[in-house]
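Secondary and tertiary structure notes
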Amino acid sequence: MTIDDQEFVKNLELVFEANKNLIIAQQQKQYMRNKFAYYGIKTPVRREIQKPFLITSYLPKKEVLPALIHILWNKPQREYQHFGQELVYKYLKEQKKEDIVLFEFMITNKSWWDTVDFIAVKLLGAYFKKFPELREVYTKKWLQSTNIWLKRSAVLFQLKYKKELDTLLLEKVIKSLLGSKEFFINKAIGWVLREYSRTNPKWVLDFVENTSLEPLSRREAIKLLK
C-alpha cells in the first residue's frame, strides 16, 4: 500500500471516531450477540458520512483493494467490515477471476449473516454472472468444506437472478445440504426458494413437494405461494 492508501484508512478512522455513539454501540453489540465491537453508527448515517470515500476519483487503485480489505477486516469495529464490502462493490465492473480469493477471505473471516449475505448476493452474484464457468467449481468446493458461511454463500449467490437462475445447480446445491440442522443454511435454502417463487412459482412448488426439506426451509419457501 502507498502512503495515499494508508491515508485513506486513517481518514476513514477519523470520520468514524467523530461520529461514534457509545449507547447505540452497546445496543448494536448486544443485537449481534456480542460478536463484534461497534462505533454505534447506524447504517443510514454511516453511508452518508462515508460517501466522500466512495467517490470514483477518490477510490484507491484496484490493485491495493485486497490489502485494504485485510486491514479493514482486522479492525474490531463492525463498521469497517460494512464499509469494506461496500468499497469492494464499487469495483464490480472491474472484477477479475482472481477476486474470488478476496471474496472467500471476506466470507470466512469475521463471519456473520450481515456481511456474508451482502458478499454472496451482491459480490458473488455479479462474479458468477461474469464467470459462469466457475460456478460449479466453487459451489462444489464450498459444499465440501466445513464452513457454514461458504455453504450459505453457495445457496444465496443466485438470490436475485430471477429468470437467469440455474435451477439444476440450485437443486444440486440444496440436495447436497439436506439433513443439515444448521439454522443459517436451512434459512438460506428457504429464502432463495421463496425469492425464486416470485419468478417461477410452479418450479418451486414442485421442488418443495418432492424434496425432504427441513421444516424451516419449507415454511420459508412457500410463504408467497399460500
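Here, the structure is the one placed above.
Residues numbered from 1 in each chain as written. Predicted model: local features only at pLDDT ≥ 70, side-chain atom pairs only at ≥ 80, totals over all residues. Heavy atoms only, no water.

Thoughts on helix α11 (residues 183–196)
Given a rise of 1.5 Å per residue, 14 residues ought to cover 20 Å, and the 20 Å separating the end C-alpha atoms of α11 matches this to within 8%. Residues Phe 184, Ile 185, Asn 186, Ala 188, Ile 189, Gly 190, Val 192, Leu 193, Arg 194, Glu 195 and Tyr 196 constitute the buried set of α11. On its buried face, α11 sits against α7 (113–130), α9 (148–156), α10 (167–176), α12 (201–209) and α13 (215–221). If you check the start of α11, you find a side-chain oxygen 3.2 Å away from the backbone N of Phe 184, and it comes from Glu 182. (Helix = DSSP H or I, 4+ residues; strand = E, 2+ residues; numbered from the N terminus. Expected span 1.5 Å × (residues − 1). Buried < 20%, exposed > 50% of the residue type's maximum accessible area, 1.4 Å probe, protein only. Contact = heavy atoms within 4.5 Å. Polar contact = N/O pair within 3.5 Å; in protein donor to acceptor, adjacent residues only side chain to side chain.)

Quick word on the packing of aromatic side chains
In this structure the tally under the stated criterion is 22 aromatic pairs. With a centroid separation of 5.9 Å and an interplanar angle of 55°, the aromatic rings of Phe 16 and Tyr 39 are classed as tilted. Residue Phe 16 is found in helix α1 (residues 3–18), and its partner Tyr 39 is found in the loop between α2 (22–31) and α3 (43–49); the two are separated by 23 residues along the sequence. In this structure, Phe 16 and Tyr 39 share a single accessibility class: buried. With a centroid separation of 5.9 Å and an interplanar angle of 65°, the aromatic rings of Phe 53 and Tyr 58 are classed as edge-to-face. Residue classification places Phe 53 among the buried positions, given a relative accessible area of 5%. The class of Tyr 58 is partly exposed, set by a relative accessible area of 36%. In this structure an aromatic cluster arises from ring pairing among Phe 103, Tyr 127, Phe 128, Phe 131, Tyr 138, Trp 142, Phe 157 and Tyr 161. (Phe/Tyr/Trp six-rings, centres within 6.5 Å; stacked < 30°, edge-to-face > 60°.)

Some remarks on the nonpolar core
If you look at the biggest cluster of nonpolar residues, it comprises 73 residues, and the most contacted ones within it are Ile 69, Leu 87, Met 106, Phe 128 and Leu 193. Per-element tally for this core: the top contributor is α7, with nine residues. Contacts of Leu 193, omitting those with residues within four sequence positions, involve Leu 170, Ile 174, Trp 203, Val 204, Phe 207, Val 208, Leu 213 and Ala 221. (Core = buried A, V, L, I, M, F, W, Y, C linked by side-chain atoms within 4.5 Å.)

Considerations on the packing of helix α8 (residues 135–144) against α10
Packed helices, taken two at a time, are described by the angle their axes make and the gap between the axes. Interhelical geometry of α8 versus α10 gives an angle of 5° and a closest axis separation of 11 Å. Relative to α10, the element α8 is oriented roughly parallel. In this structure, α8 uses Arg 135, Glu 136, Thr 139 and Leu 143 to contact α10, whose residues at the interface are Leu 169, Lys 172, Val 173 and Ser 176. Residues that form the contact of α8 with α10 fall into these classes: three nonpolar, two polar and three charged. (Axes fitted to C-alpha atoms, helices over the stretch in contact; angles between N-to-C directions. Parallel < 35°, antiparallel > 145°, perpendicular 65-115°, else oblique. Nonpolar A, V, L, I, M, F, W, Y, C, P; charged D, E, K, R; others polar.)

Thoughts on the layout of surface pockets
Of the pockets and cavities examined, the largest pocket occupies roughly 320 Å³. Broken down by secondary-structure element, the contributors of at least two residues to the lining of the largest pocket are α2, α3, α5 (78–89) and α7. Sort the elements by how many residues they give to the lining of the largest pocket and α5 lands first, with four residues. What the second largest pocket holds in volume is close to 160 Å³. Lining of the second largest pocket is provided by Lys 62, Glu 63, Leu 65, Pro 66, Glu 94, Lys 96, Glu 98, Asp 99 and Leu 102. Elements with a contribution of two residues or more to the lining of the second largest pocket: α4 (65–73) and α6 (99–108). Tallied by class, the residues present in the lining of the second largest pocket amount to three nonpolar, no polar and six charged. (1 Å grid on protein atoms, 1.4 Å probe; cavity = no way out; pocket = protein on both sides within 12 Å on 5 of 7 lines; lining within 4 Å. Points joined across faces, edges and corners; volume = space filled by probe spheres on them.)

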